[in-house]
Amino acid sequence: MTNNTKSLEIYIHIPFCKSKCKYCDFLSVPTDDETKHEYVNALIAQIKSKSKELHSYNVDTLFIGGGTPSILKADYIEEIMTTVRQHYNIFDNAEITIECNPGTVTKEKLSAYRRCGINRISFGLQSTDNKELKFLGRIHTYEEFLQSYNMARECGFDNINIDLMSALPFQTVESYKESVLKVVKLDPEHISAYSLIIEESTPISEWIENETREGHEVLPNEDDERTMYYLTKEILEQNGYHQYEISNFAKEGMECKHNIGYWKRKDYIGFGIGAASLVDNNRFGVVSEMDKYIDILKRYKDEELEEIYENRETLTGEEQMEEFMFLGLRMIEGVSRNSFKKIFNRDLDKVYGEIINKLVLGNLMESGGDTLRLTPRGIDISNRVLSEFLL
Ligand code: SF4
(Lines give C-alpha, C1' and ligand atoms only; values in the text may rest on other atoms or scores of the structure.)
Protein backbone atom coordinates (compact mmCIF):
# COMPACT_ATOMS: atom_id res chain seq x y z
CA MET A 1 0.00 0.00 0.00
CA THR A 2 1.41 3.39 -0.99
CA ASN A 3 1.04 6.67 0.91
CA ASN A 4 -1.49 8.12 -1.48
CA THR A 5 -3.94 10.66 -0.16
CA LYS A 6 -6.75 10.75 -2.72
CA SER A 7 -9.49 8.24 -2.10
CA LEU A 8 -11.79 6.60 -4.59
CA GLU A 9 -14.92 4.45 -4.60
CA ILE A 10 -15.43 1.73 -7.19
CA TYR A 11 -18.81 0.63 -8.54
CA ILE A 12 -19.11 -2.48 -10.73
CA HIS A 13 -22.37 -3.04 -12.57
CA ILE A 14 -23.67 -6.54 -13.29
CA PRO A 15 -26.69 -5.99 -15.54
CA PHE A 16 -28.25 -9.46 -15.39
CA CYS A 17 -31.32 -10.78 -13.60
CA LYS A 18 -33.15 -14.08 -13.64
CA SER A 19 -36.31 -12.31 -14.79
CA LYS A 20 -37.50 -8.73 -14.80
CA CYS A 21 -39.43 -7.43 -11.78
CA LYS A 22 -42.62 -5.62 -12.79
CA TYR A 23 -41.56 -2.26 -11.35
CA CYS A 24 -37.96 -2.28 -12.54
CA ASP A 25 -36.47 0.21 -14.96
CA PHE A 26 -32.82 -0.47 -14.03
CA LEU A 27 -30.33 -1.50 -16.64
CA SER A 28 -30.67 -5.26 -16.23
CA VAL A 29 -31.89 -8.12 -18.40
CA PRO A 30 -32.17 -11.90 -18.33
CA THR A 31 -29.45 -13.31 -20.59
CA ASP A 32 -27.54 -16.42 -21.72
CA ASP A 33 -24.24 -17.83 -20.43
CA GLU A 34 -22.29 -16.72 -23.49
CA THR A 35 -23.23 -13.04 -22.97
CA LYS A 36 -22.36 -13.26 -19.27
CA HIS A 37 -18.95 -14.66 -20.19
CA GLU A 38 -18.26 -11.96 -22.76
CA TYR A 39 -19.49 -9.24 -20.41
CA VAL A 40 -17.18 -10.32 -17.59
CA ASN A 41 -14.23 -10.33 -20.01
CA ALA A 42 -15.16 -6.82 -21.15
CA LEU A 43 -15.50 -5.66 -17.54
CA ILE A 44 -12.05 -6.98 -16.75
CA ALA A 45 -10.59 -5.16 -19.76
CA GLN A 46 -12.22 -1.90 -18.66
CA ILE A 47 -11.05 -2.29 -15.06
CA LYS A 48 -7.47 -2.85 -16.22
CA SER A 49 -7.44 -0.03 -18.73
CA LYS A 50 -8.73 2.64 -16.33
CA SER A 51 -6.19 1.74 -13.64
CA LYS A 52 -3.37 3.56 -15.41
CA GLU A 53 -4.95 6.92 -14.80
CA LEU A 54 -6.18 6.07 -11.27
CA HIS A 55 -3.04 4.52 -9.81
CA SER A 56 -2.57 7.41 -7.36
CA TYR A 57 -5.90 6.78 -5.61
CA ASN A 58 -6.66 4.58 -2.60
CA VAL A 59 -9.87 2.63 -2.85
CA ASP A 60 -11.80 2.49 0.40
CA THR A 61 -15.15 1.16 -0.81
CA LEU A 62 -16.18 -1.12 -3.63
CA PHE A 63 -19.75 -2.00 -4.54
CA ILE A 64 -20.80 -4.77 -6.91
CA GLY A 65 -24.38 -3.90 -7.83
CA GLY A 66 -26.96 -4.60 -10.45
CA GLY A 67 -29.02 -6.21 -11.64
CA THR A 68 -28.26 -9.32 -9.68
CA PRO A 69 -24.51 -9.84 -9.23
CA SER A 70 -25.19 -13.11 -7.35
CA ILE A 71 -26.58 -14.59 -10.58
CA LEU A 72 -23.00 -14.89 -11.90
CA LYS A 73 -20.88 -17.98 -11.29
CA ALA A 74 -18.63 -17.58 -8.25
CA ASP A 75 -15.54 -17.86 -10.49
CA TYR A 76 -16.52 -14.69 -12.34
CA ILE A 77 -16.80 -12.65 -9.14
CA GLU A 78 -13.43 -14.01 -7.97
CA GLU A 79 -11.86 -13.11 -11.31
CA ILE A 80 -13.26 -9.57 -11.15
CA MET A 81 -12.04 -9.09 -7.56
CA THR A 82 -8.59 -10.47 -8.38
CA THR A 83 -8.29 -8.01 -11.28
CA VAL A 84 -9.35 -5.07 -9.11
CA ARG A 85 -6.85 -6.01 -6.41
CA GLN A 86 -4.04 -6.40 -8.94
CA HIS A 87 -4.63 -3.01 -10.51
CA TYR A 88 -5.82 -0.68 -7.72
CA ASN A 89 -4.68 0.21 -4.19
CA ILE A 90 -7.46 -1.35 -2.15
CA PHE A 91 -7.39 -0.40 1.53
CA ASP A 92 -7.00 -3.38 3.87
CA ASN A 93 -10.21 -2.45 5.67
CA ALA A 94 -12.14 -1.40 2.57
CA GLU A 95 -15.90 -1.95 2.64
CA ILE A 96 -16.66 -4.39 -0.19
CA THR A 97 -20.34 -5.04 -0.87
CA ILE A 98 -22.15 -7.37 -3.22
CA GLU A 99 -25.87 -7.14 -3.97
CA CYS A 100 -27.58 -10.51 -3.79
CA ASN A 101 -31.03 -11.65 -4.67
CA PRO A 102 -32.55 -14.29 -2.44
CA GLY A 103 -32.78 -17.55 -4.32
CA THR A 104 -29.62 -16.94 -6.34
CA VAL A 105 -27.00 -17.51 -3.63
CA THR A 106 -25.44 -20.81 -2.64
CA LYS A 107 -22.92 -21.74 0.05
CA GLU A 108 -20.31 -22.14 -2.66
CA LYS A 109 -20.89 -18.59 -3.94
CA LEU A 110 -20.95 -17.07 -0.45
CA SER A 111 -17.69 -18.81 0.51
CA ALA A 112 -16.09 -17.56 -2.69
CA TYR A 113 -17.21 -14.01 -1.85
CA ARG A 114 -15.56 -14.32 1.57
CA ARG A 115 -12.38 -15.69 0.02
CA CYS A 116 -11.99 -12.72 -2.26
CA GLY A 117 -12.53 -10.19 0.52
CA ILE A 118 -16.19 -9.25 0.07
CA ASN A 119 -17.31 -8.29 3.57
CA ARG A 120 -20.83 -6.89 3.13
CA ILE A 121 -23.98 -8.30 1.55
CA SER A 122 -27.01 -6.34 0.49
CA PHE A 123 -30.15 -8.47 0.07
CA GLY A 124 -33.07 -7.19 -1.99
CA LEU A 125 -35.97 -8.57 0.04
CA GLN A 126 -38.56 -5.74 -0.35
CA SER A 127 -41.37 -7.46 1.59
CA THR A 128 -41.92 -10.50 3.80
CA ASP A 129 -45.41 -10.99 2.37
CA ASN A 130 -45.35 -13.61 -0.39
CA LYS A 131 -48.41 -12.16 -2.11
CA GLU A 132 -46.72 -8.74 -2.32
CA LEU A 133 -43.50 -10.33 -3.58
CA LYS A 134 -45.36 -12.24 -6.27
CA PHE A 135 -47.20 -9.15 -7.31
CA LEU A 136 -43.90 -7.28 -7.75
CA GLY A 137 -42.59 -10.11 -9.92
CA ARG A 138 -39.80 -10.94 -7.46
CA ILE A 139 -38.23 -14.35 -8.08
CA HIS A 140 -38.22 -15.43 -4.43
CA THR A 141 -40.48 -16.10 -1.47
CA TYR A 142 -39.82 -14.89 2.06
CA GLU A 143 -38.80 -18.43 3.04
CA GLU A 144 -36.21 -18.51 0.26
CA PHE A 145 -34.87 -15.19 1.48
CA LEU A 146 -34.55 -16.63 5.00
CA GLN A 147 -32.49 -19.54 3.67
CA SER A 148 -30.16 -17.17 1.82
CA TYR A 149 -29.85 -14.85 4.82
CA ASN A 150 -29.05 -17.69 7.24
CA MET A 151 -26.55 -19.14 4.79
CA ALA A 152 -24.78 -15.77 4.61
CA ARG A 153 -24.56 -15.66 8.41
CA GLU A 154 -23.22 -19.24 8.49
CA CYS A 155 -20.56 -18.27 5.96
CA GLY A 156 -19.39 -15.53 8.32
CA PHE A 157 -20.97 -12.34 6.94
CA ASP A 158 -21.39 -9.94 9.83
CA ASN A 159 -22.41 -6.90 7.83
CA ILE A 160 -25.72 -7.42 6.02
CA ASN A 161 -28.21 -4.96 4.59
CA ILE A 162 -31.84 -5.77 3.85
CA ASP A 163 -33.86 -3.65 1.41
CA LEU A 164 -37.52 -3.04 2.19
CA MET A 165 -40.20 -1.30 0.13
CA SER A 166 -43.34 0.54 1.17
CA ALA A 167 -46.28 1.95 -0.79
CA LEU A 168 -46.73 -1.28 -2.77
CA PRO A 169 -50.01 -2.11 -4.52
CA PHE A 170 -52.48 -3.65 -2.04
CA GLN A 171 -50.01 -3.18 0.83
CA THR A 172 -51.66 -2.14 4.10
CA VAL A 173 -50.12 -0.39 7.08
CA GLU A 174 -50.50 -3.70 8.94
CA SER A 175 -48.79 -5.84 6.30
CA TYR A 176 -45.95 -3.32 6.03
CA LYS A 177 -45.55 -3.22 9.81
CA GLU A 178 -45.27 -6.99 9.83
CA SER A 179 -42.50 -6.85 7.21
CA VAL A 180 -40.53 -4.33 9.28
CA LEU A 181 -40.99 -6.34 12.49
CA LYS A 182 -39.94 -9.61 10.85
CA VAL A 183 -36.84 -7.98 9.37
CA VAL A 184 -35.87 -6.39 12.68
CA LYS A 185 -36.10 -9.79 14.34
CA LEU A 186 -33.39 -11.04 12.00
CA ASP A 187 -31.08 -8.36 13.39
CA PRO A 188 -29.33 -7.21 10.19
CA GLU A 189 -26.72 -4.47 10.61
CA HIS A 190 -28.36 -2.17 8.06
CA ILE A 191 -31.84 -1.61 6.62
CA SER A 192 -32.72 0.48 3.55
CA ALA A 193 -36.40 1.39 3.40
CA TYR A 194 -37.62 3.02 0.20
CA SER A 195 -41.07 3.80 -1.19
CA LEU A 196 -41.93 2.17 -4.48
CA ILE A 197 -41.44 4.65 -7.31
CA ILE A 198 -43.72 3.94 -10.23
CA GLU A 199 -41.54 4.39 -13.30
CA GLU A 200 -43.15 5.04 -16.68
CA SER A 201 -43.40 2.18 -19.17
CA THR A 202 -42.93 -0.54 -16.58
CA PRO A 203 -45.59 -3.29 -16.49
CA ILE A 204 -46.68 -2.13 -13.05
CA SER A 205 -47.23 1.44 -14.20
CA GLU A 206 -49.40 0.29 -17.11
CA TRP A 207 -51.40 -1.97 -14.83
CA ILE A 208 -51.96 0.84 -12.30
CA GLU A 209 -53.12 3.17 -15.08
CA ASN A 210 -55.69 0.62 -16.23
CA GLU A 211 -56.93 -0.02 -12.71
CA THR A 212 -57.22 3.69 -12.00
CA ARG A 213 -59.14 4.19 -15.24
CA GLU A 214 -61.62 1.61 -14.02
CA GLY A 215 -61.93 3.39 -10.69
CA HIS A 216 -59.93 0.93 -8.56
CA GLU A 217 -57.63 2.31 -5.86
CA VAL A 218 -54.68 -0.07 -5.76
CA LEU A 219 -51.97 1.98 -4.07
CA PRO A 220 -51.95 2.99 -0.40
CA ASN A 221 -53.22 6.57 0.04
CA GLU A 222 -50.93 9.42 1.08
CA ASP A 223 -51.85 9.15 4.76
CA ASP A 224 -51.06 5.44 4.84
CA GLU A 225 -47.81 6.06 3.00
CA ARG A 226 -46.80 8.63 5.60
CA THR A 227 -47.81 6.30 8.44
CA MET A 228 -45.57 3.61 6.91
CA TYR A 229 -42.64 6.03 6.83
CA TYR A 230 -43.10 7.00 10.51
CA LEU A 231 -43.61 3.37 11.50
CA THR A 232 -40.28 2.46 9.90
CA LYS A 233 -38.51 5.16 11.84
CA GLU A 234 -40.25 4.32 15.12
CA ILE A 235 -39.76 0.55 14.99
CA LEU A 236 -36.18 0.75 13.79
CA GLU A 237 -35.17 3.33 16.37
CA GLN A 238 -36.76 1.26 19.15
CA ASN A 239 -34.62 -1.63 17.99
CA GLY A 240 -31.22 0.02 17.96
CA TYR A 241 -31.04 1.39 14.43
CA HIS A 242 -30.43 5.06 13.77
CA GLN A 243 -31.52 6.91 10.68
CA TYR A 244 -28.46 8.41 9.01
CA GLU A 245 -30.01 9.22 5.64
CA ILE A 246 -33.56 9.82 4.45
CA SER A 247 -34.09 6.12 3.59
CA ASN A 248 -31.24 4.39 5.43
CA PHE A 249 -30.90 3.02 8.95
CA ALA A 250 -27.98 1.27 10.62
CA LYS A 251 -26.65 -0.09 13.86
CA GLU A 252 -23.94 2.17 15.32
CA GLY A 253 -20.85 2.11 13.08
CA MET A 254 -22.52 -0.02 10.39
CA GLU A 255 -23.59 2.78 8.03
CA CYS A 256 -22.87 2.08 4.36
CA LYS A 257 -19.56 3.86 3.66
CA HIS A 258 -20.00 3.55 -0.09
CA ASN A 259 -23.30 5.44 -0.10
CA ILE A 260 -22.02 8.03 2.36
CA GLY A 261 -19.13 8.67 -0.04
CA TYR A 262 -21.65 9.29 -2.80
CA TRP A 263 -23.69 11.73 -0.71
CA LYS A 264 -20.48 13.50 0.31
CA ARG A 265 -19.32 13.71 -3.30
CA LYS A 266 -16.24 11.58 -3.08
CA ASP A 267 -14.67 10.55 -6.37
CA TYR A 268 -16.02 7.33 -7.81
CA ILE A 269 -15.41 5.26 -10.90
CA GLY A 270 -18.05 3.03 -12.47
CA PHE A 271 -17.34 -0.11 -14.47
CA GLY A 272 -19.86 -1.89 -16.67
CA ILE A 273 -22.65 -0.68 -18.92
CA GLY A 274 -24.48 2.46 -17.87
CA ALA A 275 -22.17 3.02 -14.87
CA ALA A 276 -21.56 6.65 -13.90
CA SER A 277 -18.30 8.19 -12.66
CA LEU A 278 -17.21 11.39 -10.96
CA VAL A 279 -13.47 12.03 -10.91
CA ASP A 280 -12.03 15.47 -10.11
CA ASN A 281 -15.43 17.01 -10.87
CA ASN A 282 -15.54 15.39 -14.28
CA ARG A 283 -18.67 13.39 -14.77
CA PHE A 284 -18.98 10.67 -17.41
CA GLY A 285 -20.88 7.48 -18.08
CA VAL A 286 -20.32 4.18 -19.83
CA VAL A 287 -22.41 3.31 -22.90
CA SER A 288 -25.61 1.46 -22.06
CA GLU A 289 -25.66 -0.90 -25.03
CA MET A 290 -24.33 -4.35 -24.19
CA ASP A 291 -23.17 -5.18 -27.76
CA LYS A 292 -21.34 -1.90 -28.15
CA TYR A 293 -19.63 -2.29 -24.76
CA ILE A 294 -18.47 -5.84 -25.45
CA ASP A 295 -17.43 -5.04 -28.99
CA ILE A 296 -15.29 -2.00 -28.09
CA LEU A 297 -13.54 -3.80 -25.27
CA LYS A 298 -12.88 -6.87 -27.43
CA ARG A 299 -10.86 -4.83 -29.89
CA TYR A 300 -9.41 -2.82 -27.02
CA LYS A 301 -6.56 -0.49 -27.82
CA ASP A 302 -5.80 2.54 -25.68
CA GLU A 303 -6.98 5.07 -28.26
CA GLU A 304 -10.27 3.32 -28.90
CA LEU A 305 -11.23 2.74 -25.32
CA GLU A 306 -12.53 6.27 -24.94
CA GLU A 307 -15.41 5.21 -27.18
CA ILE A 308 -17.05 3.42 -24.27
CA TYR A 309 -17.45 6.69 -22.33
CA GLU A 310 -20.17 9.21 -23.04
CA ASN A 311 -21.96 12.23 -21.58
CA ARG A 312 -18.72 13.79 -20.43
CA GLU A 313 -19.04 17.07 -18.59
CA THR A 314 -16.91 19.10 -16.24
CA LEU A 315 -19.05 20.42 -13.45
CA THR A 316 -19.10 24.17 -12.99
CA GLY A 317 -18.54 25.67 -9.53
CA GLU A 318 -22.29 26.25 -9.24
CA GLU A 319 -23.12 22.67 -10.15
CA GLN A 320 -20.67 21.41 -7.55
CA MET A 321 -22.27 23.60 -4.87
CA GLU A 322 -25.74 22.40 -5.83
CA GLU A 323 -24.64 18.79 -5.52
CA PHE A 324 -22.91 19.48 -2.22
CA MET A 325 -26.21 20.77 -0.87
CA PHE A 326 -28.81 18.42 -2.28
CA LEU A 327 -26.77 15.27 -1.76
CA GLY A 328 -25.31 16.34 1.60
CA LEU A 329 -28.68 17.33 3.02
CA ARG A 330 -29.95 13.79 2.45
CA MET A 331 -27.75 12.88 5.41
CA ILE A 332 -29.47 13.37 8.75
CA GLU A 333 -26.32 15.03 10.17
CA GLY A 334 -26.68 17.69 7.45
CA VAL A 335 -23.90 19.74 5.86
CA SER A 336 -21.04 21.69 7.38
CA ARG A 337 -20.49 25.39 6.69
CA ASN A 338 -16.75 24.92 7.27
CA SER A 339 -16.53 22.13 4.71
CA PHE A 340 -18.39 24.27 2.18
CA LYS A 341 -15.94 27.12 2.78
CA LYS A 342 -12.95 24.80 2.52
CA ILE A 343 -14.11 23.27 -0.76
CA PHE A 344 -15.53 26.33 -2.53
CA ASN A 345 -13.77 29.19 -0.75
CA ARG A 346 -17.15 30.90 -0.28
CA ASP A 347 -19.50 31.35 2.67
CA LEU A 348 -22.44 29.00 2.44
CA ASP A 349 -24.75 31.71 3.80
CA LYS A 350 -23.60 34.18 1.18
CA VAL A 351 -24.60 31.74 -1.57
CA TYR A 352 -27.75 30.26 -0.03
CA GLY A 353 -28.67 32.71 2.81
CA GLU A 354 -32.07 33.69 1.43
CA ILE A 355 -33.20 30.11 0.79
CA ILE A 356 -31.92 28.97 4.18
CA ASN A 357 -33.83 31.73 5.99
CA LYS A 358 -37.01 30.84 4.16
CA LEU A 359 -36.66 27.13 4.95
CA VAL A 360 -35.74 27.75 8.61
CA LEU A 361 -38.79 30.02 9.01
CA GLY A 362 -40.97 27.31 7.47
CA ASN A 363 -39.57 24.79 9.99
CA LEU A 364 -38.15 22.72 7.14
CA MET A 365 -34.53 23.23 8.05
CA GLU A 366 -32.53 23.90 11.22
CA SER A 367 -29.38 25.91 11.37
CA GLY A 368 -26.97 25.96 14.30
CA GLY A 369 -23.26 26.87 14.38
CA ASP A 370 -21.44 24.92 11.73
CA THR A 371 -24.38 22.70 10.81
CA LEU A 372 -27.35 22.98 8.54
CA ARG A 373 -29.83 20.11 8.31
CA LEU A 374 -33.39 19.17 7.41
CA THR A 375 -36.02 19.00 10.16
CA PRO A 376 -38.34 15.96 10.30
CA ARG A 377 -40.88 18.09 8.41
CA GLY A 378 -38.23 18.95 5.81
CA ILE A 379 -37.39 15.25 5.42
CA ASP A 380 -41.07 14.55 4.84
CA ILE A 381 -41.06 16.69 1.70
CA SER A 382 -37.36 16.38 0.98
CA ASN A 383 -37.65 16.36 -2.83
CA ARG A 384 -39.29 19.76 -2.78
CA VAL A 385 -36.91 21.19 -0.17
CA LEU A 386 -33.75 19.91 -1.85
CA SER A 387 -34.76 21.30 -5.22
CA GLU A 388 -34.58 24.80 -3.66
CA PHE A 389 -30.79 24.50 -3.74
CA LEU A 390 -30.56 24.47 -7.53
CA LEU A 391 -28.91 27.75 -8.45
S1 SF4 B 1 -33.84 -7.88 -9.14
FE2 SF4 B 1 -33.55 -5.67 -9.05
S3 SF4 B 1 -32.49 -5.14 -10.95
FE4 SF4 B 1 -33.31 -7.21 -11.20
S5 SF4 B 1 -35.25 -6.92 -12.22
FE6 SF4 B 1 -35.67 -6.99 -10.02
S7 SF4 B 1 -35.58 -4.84 -9.35
FE8 SF4 B 1 -34.64 -4.95 -11.38
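Residues numbered from 1 in each chain as written. Predicted model: local features only at pLDDT ≥ 70, side-chain atom pairs only at ≥ 80, totals over all residues. Heavy atoms only, no water.

What follows deals with the overall build of the chain. When its secondary structure is counted, the chain shows 16 helices and 15 strands. Its C-alpha radius of gyration of 22 Å places the chain within 12% of the 21 Å reference for a compact globule of 391 residues. Expressed as lengths along the three principal axes of its C-alpha atoms, the size of the chain is roughly 55 × 55 × 45 Å. Considering the chain as a whole, with its 391 residues, one finds that 53% of them fall into the buried category. Counting only contacts in the chain whose residues sit at least 6 apart along the sequence, the fraction spanning at least 24 positions is 70%. Summed over all atoms, the accessible surface of the chain reaches about 18500 Å², with 48% contributed by carbon and sulfur. (Helix = DSSP H or I, 4+ residues; strand = E, 2+ residues; numbered from the N terminus. Rg over C-alpha atoms; globule rule 2.2 N^0.38 Å. Buried < 20%, exposed > 50% of the residue type's maximum accessible area, 1.4 Å probe, protein only. Contact = heavy atoms within 4.5 Å. Areas by Shrake-Rupley, 256 points an atom, 1.4 Å probe, with all protein chains shown as cover.)

Turning to the site of the ligand, a few remarks are in order. If you check the shell around the ligand, you find C17, S19, K20, C21, Y23, C24, F26, S28, G67, T68, N101 and R138 and nothing else. When the residues that make up the shell around the ligand are grouped by side-chain class, the tally is five nonpolar, five polar and two charged. (Near = heavy atom within 4 Å. Nonpolar A, V, L, I, M, F, W, Y, C, P; charged D, E, K, R; others polar.)

A word on the packing of helix α12 (residues 317–328) against helix α14 (residues 348–361). Look at α12 against α14: their axes get within 12 Å of each other, and the N-to-C directions meet at 60 degrees. As the angle between them shows, α12 and α14 are arranged oblique. In the crossing of α12 with α14, the sense of the turn from one axis to the other is right-handed. Each of M321, E322 and M325 in α12 lies in contact with α14, whose residues at this interface are L348, V351 and Y352. Here the residues of the contact of α12 with α14 sort into five nonpolar, no polar and one charged. (Axes fitted to C-alpha atoms, helices over the stretch in contact; angles between N-to-C directions. Parallel < 35°, antiparallel > 145°, perpendicular 65-115°, else oblique. Left-handed = near helix turned anticlockwise from the far one by under 90°.)

On to the packing of helix α2 (residues 74–87) against helix α3 (residues 107–115). Orientation of α2 relative to α3, taken along the N-to-C sense of each, is 10 degrees, at an axis distance of 9 Å. Judged on the interaxial angle alone, α3 and α2 are roughly parallel. Facing A74, I77 and E78 of α2, the residues of α3 in contact are E108, K109, A112, Y113 and R115. Residue composition of the contact of α2 with α3, by class: four nonpolar, no polar and four charged.

On to unusual backbone geometry, then. Of the consecutive residues G66 and G67, the connecting peptide bond is found in the cis state with omega at 20 degrees. Topologically, G67 is positioned in the loop between β2 (57–66) and α2. The backbone of S201 sits at a positive phi, close to 65 degrees, despite the residue not being glycine. By the element assignment, S201 lies in the loop between β6 (190–195) and α7 (203–213). Using a relative accessible area of 61% as the deciding quantity, one classes S201 as exposed.

A few words now on the pattern of salt bridges. This structure, assessed with the given rule, holds 25 salt bridges. Salt-bridge contacts for K107 lead to E154; the nearest nitrogen and oxygen are separated by 2.9 Å. Note that K107 is positioned in helix α3 and E154 in helix α5 (residues 142–154), a separation of 47 residues in sequence. Ionic pairing is found between R265 and E323, a salt bridge with its closest N-O pair at 2.8 Å. Of the two residues, R265 is situated in the loop between α9 (257–263) and β9 (267–271) and E323 in helix α12; the sequence distance between them amounts to 58 residues. Take R265: its relative accessible area is 14%, and that puts it in the buried class. (Salt bridge = Lys/Arg side-chain N within 4 Å of Asp/Glu carboxyl O.)

What follows deals with the nonpolar core. Counting 78 residues, the largest nonpolar core has I10, I12, I118 and Y293 as the members making the most contacts within it. Looking at which element gives the most residues to this core, the answer is helix α1 (residues 33–51), with seven residues. Every residue in contact with I118, bar those within four places of it in the chain, is listed here: I64, I77, M81, I96, T97, I98, Y113 and F157. Judged by nonpolar contacts, the second largest core, of 22 residues, contains M325, I355, L364 and M365. (Core = buried A, V, L, I, M, F, W, Y, C linked by side-chain atoms within 4.5 Å.)

Take the domain arrangement of the chain next. Under the domain assignment used here, the chain contains domain 1 (6–263) and domain 2 (317–387). The distance between the C-alpha centroids of domain 1 and domain 2 comes to 29 Å. The interface is formed by 11 residues belonging to domain 1 together with nine residues belonging to domain 2. Both faces combined, the contact of domain 1 with domain 2 buries some 1000 Å², and carbon together with sulfur accounts for 59% of it. At the surface where domain 1 touches domain 2, the tally comes to two salt bridges. (Domains from an automatic or database assignment. Buried area = accessible area lost by both parts, 1.4 Å probe.)

Residue position: E95 is located in strand β3 (residues 89–100). For the buried residue E95, which engages in no salt bridge, the nearest side chain bearing the opposite charge is R120, 4.4 Å off. Sequence-distant contacts of E95, defined by excluding residues within four places in its chain, comprise D60, T61, L62, N119, R120, E255, C256, K257 and H258. (Lys, Arg positive; Asp, Glu negative; His and termini not counted.)

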